[in-house]
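# Coordinate inspection notes
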Amino acid sequence: MNKKFYLRQVNDLDHSWLVELHNDPLVLKNITNPTPITLQHHLKWWETIDNKKEIRNIFCIDNQRVGFCKFYKIDYINKHCVLGADIHINYRGMGYANKMWNLMLDYCYENLDLHRVGLTTAAYNKIGQHVYRKVGFKVEGHIKESLLRDSIYYDQICMYHLKNWKREVR
Ligand SMILES: CC(C)(COP(=O)(O)OP(=O)(O)OC[C@H]1O[C@@H](n2cnc3c(N)ncnc32)[C@H](O)[C@@H]1OP(=O)(O)O)[C@@H](O)C(=O)NCCC(=O)NCCS
């Protein structure tokens, strides 16, 4: 039977899972603040989210939580936002990232009526860059030496995608 892939809103039962996902070593390595969080910290922070400018969704396959999708800095006037997404370690390396990113792009262009999306990724995040290129993102520049890890400064790479660009959908 065909699997059902979809995005849904975060509910109260998701928060422990989100903390577990956030504290995964590869997720921490690839985000700007590598400090693990507690559930308490997470819930406090969750209350501060500006829902007019940010949306967070869970990427599901059938009824399973698989990934966390973040839509930041939504600017409805100029029609753009910034995206980020992680896949839980139990589902990584299975080819689901393309599906997740295409659902996120559909959501931006069809539901939010945006024209452009951007993202920033660590220069060493080769899997991320591979996935982003495959769904059609292009590099627009480097933020030089802006990520400090183990006393080394790494670049962050900015990528963007426009509404009418062709994408590889799998
Ligand atoms: C980035 C992330 C969402 C990708 O999801 P995933 O489940 O690992 O990715 P998939 O299995 O769907 O696809 C991985 C692709 O990268 C390729 N890949 C694997 N290792 C690679 C490497 N070292 N260099 C380049 N490409 C690589 C795979 O071959 C596959 O390509 P294909 O689709 O052409 O076959 C996931 O790895 C993740 O959550 N990582 C930790 C957090 C993170 O990096 N978040 C993003 C921050 S910007």
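Residues numbered from 1 in each chain as written. Predicted model: local features only at pLDDT ≥ 70, side-chain atom pairs only at ≥ 80, totals over all residues.

## A few points about the nonpolar core
The biggest cluster of nonpolar side chains holds 29 residues, and the ones touching the most others in it are L83, A85, M100, W101, M104 and C108. For W101, the contacting residues outside a window of four places in its chain are A85, V131 and V135. (Core = buried A, V, L, I, M, F, W, Y, C linked by C-beta atoms within 7 Å. Buried ≥ 20, exposed ≤ 12 C-beta atoms within 10 Å, placed from the backbone. Contact = placed C-beta atoms within 7 Å.)

## Concerning the sheet that holds strand 5 (residues 116-122)
Pairing within the open sheet is mixed, and its 7 strands lie in the order 1-2-3-4-5-7-6. Edge strands, defined here as strands with exactly one partner in the open sheet, are strand 1 (5-9) and strand 6 (138-149). Neighbour to neighbour, the strand axes of the sheet diverge by 30° on average, direction disregarded. Bridge count between strand 2 (residues 55-61) and strand 3 (residues 64-75): 7 bridges; the pairing is antiparallel. If you follow C60 over to strand 3, its bridge partner there is R65. This element, helix 4 (residues 97-111), spans strand 1, strand 2, strand 3, strand 4 (80-87), strand 5 and strand 7 (152-162) of the sheet and lies at about 155° to strand 4. (Pairing = 2+ DSSP bridges. Helix = DSSP H or I, 4+ residues; strand = E, 2+ residues; numbered from the N terminus. Axes fitted to C-alpha atoms, helices over the stretch in contact; angles between N-to-C directions.)

## Quick word on the site of the ligand
Not every one of the 22 residues close to the ligand is listed here, only the nearest: N30, D86, A97, K126 and H130. For the shell around the ligand, the elements supplying multiple residues, two or more each, are helix 2 (25-30), strand 4, helix 4 and helix 5 (126-134). Split into classes, the residues belonging to the shell around the ligand amount to 9 nonpolar, 9 polar and 4 charged. (Near = placed C-beta within 6 Å. Nonpolar A, V, L, I, M, F, W, Y, C, P; charged D, E, K, R; others polar.)

## Focus: helix 4
Under the 1.5 Å per step criterion, the end-to-end length of helix 4 is 20 Å for 15 residues, consistent within 8% with the ideal 21 Å. Among the residues making up helix 4, those that are buried are A97, M100, W101, M104, L105 and C108. Projected onto a plane normal to the axis of helix 4, the buried residues spread over an arc of 130° and lie on a single side. Of the exposed residues in helix 4, those oriented more than 90 degrees away from the buried face are E110 and N111. (Expected span 1.5 Å × (residues − 1). Arc of directions from axis to C-beta.)

## Concerning the environment of K3
Secondary-structure assignment places K3 in the segment before strand 1. Under the C-beta neighbour-count criterion, K3 is labelled exposed, with 10 such atoms within 10 Å. Between the C-alpha atom of K3 and that of K138, which follows or precedes it by 135 residues, the distance is 29 Å. Apart from the residues within four sequence positions on either side, K3 is in contact with I61 and D62.

## Some points on the pairing of strand 5
Only one face of strand 5 is buried, namely the one carrying V117, L119 and T121, since none of R116, G118, T120 and A122 on the opposite face is buried. Where strand 4 lies against strand 5, 3 bridges are found, and the strand directions are parallel. Bridge pairing links C81 to V117 in strand 5. One crossover worth recording links strand 4 to the parallel strand 5 by way of helix 4, and it is right-handed. (Right-handed = clockwise from strand over helix to strand, strands pointing away.)

## A closer look at the environment of P36
With respect to the helices and strands, the residue P36 is situated in the loop between helix 2 and helix 3 (39-46). What makes P36 partly exposed here is the crowd of 13 C-beta atoms within 10 Å. For P36 and D24, which are 12 residues apart along the polypeptide, the C-alpha to C-alpha distance reads 8.4 Å. Excluding residues within four positions of it along the chain, P36 makes contact with N23 and L28.

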